[in-house]
Amino acid sequence: IYGEVVQTESVTPENGIARTIEEVEVLENFKGQFKKGDVIRVGSDKGVISLKNYIHSFTSDEARQRYEEELSQYSEDELENLYIEQVDMNDRLLEPGDRIIYFLVESPHKGFGELYTRVTGPEAEYFELEDGQFVKMESWAGYQNSLSIEEKAADENPPLYETYTFDQISIMINESIDLI
């Protein structure tokens, strides 16, 4: 689908793995059952969680106790207000307004209602740049995440990634050319 992120929510992790659920408005459906205007939920293994929720996410008492000890230098208030951002090097947290082309399947994660997930990971996601071109999330995010703030500001000649127009991707999908 081609969609726009409406909102995102980091959900309580499981065994230390944060998950984000993105509500996405379908702008165009390439294949499958969605219609323009549908709002679907897309889950992914990335997110932001408090240290407290991180500790309490572990199902084994032993793991929970180990992290309580490792993080014992923090007050209860700090545990609630300090956060961990878990994002793969080649991925990024999406924000409302971001436009994405997703390759989705039904999510195997239970307990979140009707949920879809990317076929693989950031390899199955194309991010729309400001100029209307699309780039594979894994290529673009990997470069962006490797730079410091100062390097990003000073980078006058960022590397050129293979970009695609919406029409090019649409043709490749309809011809079932391997995009991921």
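So, how was this worked out
Residues numbered from 1 in each chain as written. Predicted model: local features only at pLDDT ≥ 70, side-chain atom pairs only at ≥ 80, totals over all residues. Heavy atoms only, no water. Salt bridge = Lys/Arg side-chain N within 4 Å of Asp/Glu carboxyl O. Helix = DSSP H or I, 4+ residues; strand = E, 2+ residues; numbered from the N terminus. Buried < 20%, exposed > 50% of the residue type's maximum accessible area, 1.4 Å probe, protein only. Arc of directions from axis to C-beta.

Next up on the list: the pattern of salt bridges. Tallied over the full model, the rule gives 11 salt bridges. A salt bridge links arginine 99 to glutamate 4; the shortest N-O distance between them is 2.9 Å. Separated by 95 residues along the polypeptide, arginine 99 in strand β6 (residues 99-102) and glutamate 4 in strand β1 (residues 2-14) bring together distant segments of the chain. In this structure arginine 99 comes out as partly exposed when scored by relative accessible area, which is 32%. Across the salt bridge formed by glutamate 70 and arginine 66, the nearest N and O atoms sit 4.0 Å from each other. Residue glutamate 70 and its partner arginine 66 are both found in helix α2 (residues 61-70); the two are separated by four residues, about one turn of the helix. Taking the relative accessible area as the measure of exposure, glutamate 70 reaches 47% and is therefore partly exposed. Here the salt bridges do not stand alone but share partners, grouping Glu22, Lys46, Asp91, Arg118 and Glu125 into one network.

Time to look at helix α6 (residues 166-174). Taken together, the buried positions of α6 are occupied by Phe166, Ile169, Ser170, Met172 and Ile173. Angular distribution of buried residues about the axis of α6 spans 165 degrees; they occupy a single face of the element. Exposed and oriented more than 90 degrees from the buried face of α6 are Asp167 and Asn174.

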